[in-house]
Amino acid sequence: MNIELPLMLLIVIFISLGILSQWLAATIKWPPIVVMSIAGLLIGPGFQLVNPQEMMGSELFSTIVSLAVAIILFEGSSNLDYRELPGVSKAVTRIITIGAVLAWLLGTLAMYLILGFPLSISFVMAGLFIVTGPTVIQPLLKQAKVKNSVNSILRWESIILDPVGPLFALFAFYMFQIINQGFGIGYLMNYIIGFAVAFILGYGASYLFRWLIKKDFIPQNLMAPVQFIFILLIFSISHNVLHESGLLAVTIFGLVMARLKNQSLIYKESDHFIEEMTLILLSTVFILITSSLTRQVLGEVLNWQLVLFCIAMIVIIRPLYILLATIKTEIPFKERAFISFVAPRGIVALAVAEFFAGLFISEEVRMADFIVPVTFGFVFVTVVIYGFSFKPLSKWMKLSSTSPPGVIILGENLFSLALAKKLDSHGIPVLISDLLNSETKKAQEYGLETFEGNLLSREERVRTDLTKYSQCLIMTRSYTFNHLAFNELSQEFGLRNVGMLPPPFESEKSRKNIEQVIKHHILFDDRFTYYWFSQFVDKHEITEVDAAEADSITEDDIILYHIDDNKNTTFKTITDDVDYTTSGVVGLLKGAHKFKEDKKNGNGA
């Protein structure tokens, strides 16, 4: 029995459930869609606590979904970096062209023949099903650390097809409407005018927005809200000119913005705002949709035909079009075979499916009510199968990295090189980068891997295989630079995996004024600065002791790290002690504080 709730409370509850599901998924390392599916099914058809579609009403519910999908598609299309497209491999190009068309056609046949959907719905939904969600793929790639060639293909397939799939579906829907209504000149003119308005709005708005930015008519703090308003206005105006052309307009707006902004730092704040808004909307809409499913509809859909459809899509269609599309490319057969068994569908597929379901229901097309539950079943099955088999399968096929979690060190100096050599001696991958020096000669002399280029450039990081590195230590002589690098790299590696050297403050008062957020990521000992670390290793070496002998460590020593038997490395911060057990080794600077005092008192080393 549904609980009656005020509309405001209902919306807040669903937003909260979406974000909490994302948090829980990150904590237990499960695919977010699995957790959100469970949450939506439990409060909806499971315990029948709420049915948001009935409580909100169809008009409000479909409006929320439509606006959310518009923002989601803009975010996906605006993040497409055109500068990186020439660098993608021949295999990626084939998959996103030949492969996408084959997947669309074969998917249409599967939906038509196995599930019995009308050809119109089959053609539209198969276009949507070519999307392999980046929100699912990218966490899997980080967990499994697969070979760079495999990583690149799966990542770029998901990024590029994310906005393309809904566009395929949209054009298929337009074709269905034109055929259904006849090829009269009046209908065709409506579509031509509608497409022209969508193109002019999307293209013109992107140039207008950029012109307003260049002329400083929009303050930096209002850039993100103004862009958000542009998206909503473009969608709404175009939608009212030609029903459902709003999606085309915002996608064009996003694609042109992606080309114009060229990853300029000035757009970074608005990009972050839209990304965060998209995360909130995806999570909320997903739970809204799944909790609106009824037991009756689920009972009718969850049958042998859906199982057969999932098997056909996973075991036959995906391998067939991937293997055909990648014939005579640079990718070995084993890698092609692995890629052919990885295609989880994401949250976007279900959110956009709800949108198209509403359109087909309004057109009174047979079986339109089953679009959402079938899509949900397919998305859920693919996420569970691929999400929990990806890492074991990559290991079995020997395509994932077997090396322990690696460390990136930003800054080449005496101390960072000494630390890198110690880690390297344990077989831990180490990558040295230094933007403050033109070359990393010493690191190369020691046989350490170096990053040639700007590590803080997202474009250069994307082009480089960094999958084997899970932590980043920022150890340059400039605290200001370290702070900047911390803000950039913590987005890539996660806050808990980025640390930085203490600032050059000698007074206790100055050290206490460090931001609390940063303080949790200050490495080793804040009484020892860049200068003192370099001075110490110039005269002494980093000492290692067995964890079982940790009692020998004194207050004069500075603990640096603990490496366990599985070669997982934990670095000490000023707010957290290293939690070492009786196994592994502890790296430290023996007698470091006494060394500093002796130096200050002029007693030498």
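Our subject in this report is the structure included herewith.

1. Digging into the overall build of the protein chain
Counting secondary structure elements, the protein chain contains 25 helices and 9 strands. Sorting the 605 residues of the protein chain into buried and exposed places 54% on the buried side. Contacts in the protein chain between residues far apart in sequence, at least 24 positions, make up 76% of those at least 6 positions apart. Carbon and sulfur atoms make up 61% of the accessible area of the protein chain, which amounts to about 26,900 Å² in all.

2. Details of the packing of aromatic side chains
Under the criterion given, the structure shown has 21 aromatic pairs. Their ring planes at 50° and their centres at 6.4 Å tell us that phenylalanine 129 and phenylalanine 309 sit as a pair that is tilted. Taken together, the residues phenylalanine 129 in the loop between helix H6 (119-128) and helix H7 (134-144) and phenylalanine 309 in helix H14 (residues 304-325) connect sequence positions 180 residues apart. Geometrically, the ring pair formed by phenylalanine 209 and phenylalanine 230 is edge-to-face, given 5.4 Å between the ring centres and 65° between the ring planes. With a gap of 21 residues between them, phenylalanine 209 in helix H9 (residues 185-214) and phenylalanine 230 in helix H10 (residues 223-241) connect regions that are remote in the sequence. For the pair phenylalanine 209 and phenylalanine 230, one class covers both residues: buried.

3. Description of H6
Here H6 lies mainly inside the structure; 8 of its 10 residues are buried. Those residues of H6 that fall on the buried side of the exposure criterion are Ser120, Ile121, Ser122, Val124, Met125, Ala126, Gly127 and Leu128.

4. What to know about the sheet that holds strand E6 (residues 543-546)
Strand order across the open sheet formed by 4 strands is E6-E9-E7-E8, with antiparallel pairing between neighbours. The open sheet has two free edges, formed respectively by E6 and strand E8 (569-571), since each of these has just one partner strand. The average angle at which neighbouring strand axes cross in this sheet is 25°, direction not considered. Direction of pairing for E6 relative to strand E9 (residues 585-589): antiparallel, over a ladder of 4 bridges. In the sheet register, valine 545 faces E9, and the bridge partner there is valine 586.

5. Some remarks on the nonpolar core
Met125, Leu154, Phe309, Phe338, Phe356, Phe360 and Phe390 are the most contacted members of the largest nonpolar core, which totals 129 residues. Among the elements that take part in this core, helix H8 (residues 148-181) stands out by supplying 16 residues, more than any other. With residues up to four places along the chain from it excluded, the contact list for phenylalanine 360 reads Ser120, Ile121, Val124, Phe173, Phe176, Val365, Ala368 and Ile371. Ranked by size, the runner-up nonpolar core spans 33 residues in total, among them Ala420, Ile563, Phe571 and Phe595.

6. A short note on the packing of H14 against helix H17 (residues 371-396)
When two helices pack together, their arrangement is captured by the angle between the axes and the distance separating the axes. Put simply, H14 and H17 touch, their axes get as near as 10 Å, and they point 50° apart. As summarised for this structure, H14 and H17 are arranged oblique, according to the angle between their axes. The element H14 and its partner H17 pack so that their crossing is right-handed. Every residue of H17 that contacts H14 at Leu306, Phe309, Cys310, Met313 and Ile314 is listed here: Val374, Gly377, Phe378, Val381, Thr382, Ile385 and Tyr386. Class assignment for the residues of the contact of H14 with H17 results in 10 nonpolar, 2 polar and no charged.

7. Concerning the sheet that holds strand E3 (residues 449-450)
In space, the 5 strands of this open sheet follow the order E3-E2-E1-E4-E5, with parallel pairing throughout. Each end of this open sheet is capped by a strand with a single partner; those strands are E3 and strand E5 (498-500). Sheet analysis places strand E1 (residues 406-410) next to strand E4 (residues 469-474), joined by 5 bridges and oriented parallel. Within the sheet, the bridge partner assigned to valine 407 lies in E4 and is glutamine 471. The sheet contacts of helix H18 (residues 414-425) involve E1, strand E2 (430-433) and E4, and relative to E2 the element is tilted by about 160°.

8. Here we look at the pairing of strand E7 (residues 558-563)
Counting buried residues along E7, 6 of its 6 residues qualify, which places the element largely inside the surrounding structure. Two elements, E7 and E9, share 5 bridges in a ladder whose sense is antiparallel. Bridged to tyrosine 561 within E9 is glycine 587. The sheet contact formed by E7 and E8 spans 3 bridges and is antiparallel. Following the sheet pairing, tyrosine 561 is matched in E8 by phenylalanine 571.

Conventions adopted
- Residues numbered from 1 in each chain as written.
- Predicted model: local features only at pLDDT ≥ 70, side-chain atom pairs only at ≥ 80, totals over all residues.
- Heavy atoms only, no water.
- Helix = DSSP H or I, 4+ residues; strand = E, 2+ residues; numbered from the N terminus.
- Buried < 20%, exposed > 50% of the residue type's maximum accessible area, 1.4 Å probe, protein only.
- Contact = heavy atoms within 4.5 Å.
- Areas by Shrake-Rupley, 256 points an atom, 1.4 Å probe, with all protein chains shown as cover.
- Phe/Tyr/Trp six-rings, centres within 6.5 Å; stacked < 30°, edge-to-face > 60°.
- Pairing = 2+ DSSP bridges.
- Axes fitted to C-alpha atoms, helices over the stretch in contact; angles between N-to-C directions.
- Core = buried A, V, L, I, M, F, W, Y, C linked by side-chain atoms within 4.5 Å.
- Parallel < 35°, antiparallel > 145°, perpendicular 65-115°, else oblique.
- Left-handed = near helix turned anticlockwise from the far one by under 90°.
- Nonpolar A, V, L, I, M, F, W, Y, C, P; charged D, E, K, R; others polar.

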